[in-house]
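Fold and geometry: a report
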Amino acid sequence: ESVEDRVDILTEDITINIYENVVVGLFVRHRQLFSFLIALRIQQSKEEVVEEVYNFFLYGLQINKSVHLNDDAKPEYLDSAIWQNMQFLANSQPIYDKLLNSFDSSGPKWQQYLSSDDPLSVRFPHQEEMTQFEILNLRKLTHQETLLFSVRDYILNTSGEQISAGVMLDLEKCYNQSNPYIPLLFILSPGADPKKLLVEYARHSVGSHRFMSLSLG
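A brief look at the structure comes next. Predicted, not measured: the structure shown is a model, and the values here were computed from it.

Definitions and cut-offs
Residues numbered from 1 in each chain as written. Predicted model: local features only at pLDDT ≥ 70, side-chain atom pairs only at ≥ 80, totals over all residues. Heavy atoms only, no water. Axes fitted to C-alpha atoms, helices over the stretch in contact; angles between N-to-C directions. Helix = DSSP H or I, 4+ residues; strand = E, 2+ residues; numbered from the N terminus. Parallel < 35°, antiparallel > 145°, perpendicular 65-115°, else oblique. Left-handed = near helix turned anticlockwise from the far one by under 90°. Contact = heavy atoms within 4.5 Å. Nonpolar A, V, L, I, M, F, W, Y, C, P; charged D, E, K, R; others polar. Buried < 20%, exposed > 50% of the residue type's maximum accessible area, 1.4 Å probe, protein only. Arc of directions from axis to C-beta. Patch = residues over 30% accessible without salt bridge, like charges linked within 9 Å, V, L, I, M, F, W, Y side chains within 5 Å. Areas by Shrake-Rupley, 256 points an atom, 1.4 Å probe, with all protein chains shown as cover. Salt bridge = Lys/Arg side-chain N within 4 Å of Asp/Glu carboxyl O. Lys, Arg positive; Asp, Glu negative; His and termini not counted. Charge placed at Lys NZ, Arg CZ, Asp CG, Glu CD. Expected span 1.5 Å × (residues − 1). Phe/Tyr/Trp six-rings, centres within 6.5 Å; stacked < 30°, edge-to-face > 60°.

Here helix α1 (residues 3-23) crosses helix α2 (residues 28-45) at 160°, and the two axes come no closer than 11 Å. Classed by the angle they form, the pair α1 and α2 counts as roughly antiparallel. Relative to α2, α1 is oriented so that their crossing is right-handed. Contacts between α1 and α2 involve T15, I18, Y19, V22 and V23 from the former and R31, F34, S35, I38 and I42 from the latter. Partitioning the contact of α1 with α2 into residue classes produces seven nonpolar, two polar and one charged.

To continue, consider helix α6 (residues 107-115). When α6 is considered as a whole, its buried residues turn out to be G107, W110 and Y113. Along the axis of α6, the buried residues cluster in a sector spanning 125°; they form a single face. Across from the buried face of α6, at angles greater than 90 degrees, the exposed residues are P108, K109, Q112 and S115. Check the buried side of α6 and you find it contacts α5 (94-105) and α7 (132-142).

Attention shifts here to unusual backbone geometry. Non-glycine residue E47 carries a positive phi angle of around 60°. You can see E47 is positioned in the loop between α2 and α3 (51-59). Positive phi values are uncommon outside glycine, yet H126 reaches one of about 70°. In this fold, H126 is placed in the loop between α6 and α7. The exposure class of H126 is partly exposed, given its relative accessible area of 24%.

Further remarks concern a negative patch on the surface. Side chains of E4, D5, D8, E12 and D13 sit close together on the surface and give a patch of like negative charge. Examined against the element boundaries, E4 turns out to sit in helix α1.

Glancing now at helix α8 (residues 147-159). For α8, built from 13 residues, the straight-helix expectation of 18 Å at 1.5 Å per residue is met to within 8% by its first-to-last C-alpha distance of 18 Å. On its buried face, α8 sits against α2, α3 and α7. G160 sits one or two positions beyond α8 and adopts a positive phi of about 80°.

On to the packing of aromatic side chains. For the structure on display, the rule yields 13 aromatic pairs. Measuring from centroid to centroid gives 6.2 Å for W83 and F103, while their planes differ by 55°, and the two rings are tilted. Remark: F103 occurs in helix α5 and W83 occurs in helix α4 (residues 80-90); sequence separation between them is 20 residues. Residue classification places F103 among the buried residues on the basis of a relative accessible area of 3%.

Within the element layout of this structure, V122 appears in the loop between α6 and α7. Separated by 10 residues in the primary sequence, V122 and Q112 place their C-alpha atoms 7.9 Å from one another. When residues no more than four places from it in sequence are discounted, the contact partners of V122 are Q112, Y113, S116 and Q127.

A few words on the pattern of salt bridges. This model, assessed by the stated rule, comprises six salt bridges. A salt bridge links E129 to K98, with the nearest nitrogen and oxygen atoms 2.8 Å apart. Of this pair, E129 sits in the loop between α6 and α7 while K98 sits in helix α5; the two residues are 31 residues apart in sequence, bridging distant segments of the chain. Judged by relative accessible area, E129 falls into the partly exposed class, the value being 40%. We classify K98 as partly exposed; its relative accessible area is 37%. Several salt bridges converge on common partners, so that one network encompasses R139, R152 and D153.

What follows is the structure, given as C-alpha cells:
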C-alpha cells in the first residue's frame, strides 16, 4: 500500500465521517449544497478545478478588454449568449477553445445536445476530454434549468454516493456523542416533530422513568 493509496483511504473515511455528522443537522434543501462544497473542495485540492473556470461558474461573463468577442462567426443555431460566453472561456482554457471550433465541425451533434429535453443523457463533442467541473460549467452555461441535476451528477461522478445519499437520523449515535455539556438540540420545522422518536428511544435505552418532558407552552 503506497502513501498515495493511504491518503486516498483516509480522505474518503474522513469525508464520509464529516458528511454523516454534519448533514443530520441540516435542512433537506441545504444538503446537496453541502455535498457539492465537499466534492468541490476535494477536487480543488487535487488541482482539478481551474480558478478561471471556477470564477466563471460563480459570476458568469466578465468583460475584459484583452478578450475579443467576435459575433460575426456565430453559427445560426447557437444562442448569442452561449457564443459570447464560450469565446470568453476559450481565452482561459484550451478545451473550451476546442469546443468553440467544434461548433462548425460538429454542428449536428451540438444541435442535438442543445435541443434535447434531457441534456444530461446526451454527450456533446469532446466531453470525454473534460474534467467533471468543466462539464458542469458547460451544462450550467447551456442548460441553466438543469443545474441542480447537473450538480448531483458532479457529486456522484467525483465523490460517489457516500456524500450524496440522504442520512437518516441515528438517535442512538447522536445520544452517545452528547454529554451534559454538549446537549442535543432539535430545530423543528413544519411537519417534523422528533418527540415520538425521542420518547421511544428513551423507553428502550434508559427506561421511561428516566425521561422527563417539560413544556414551555
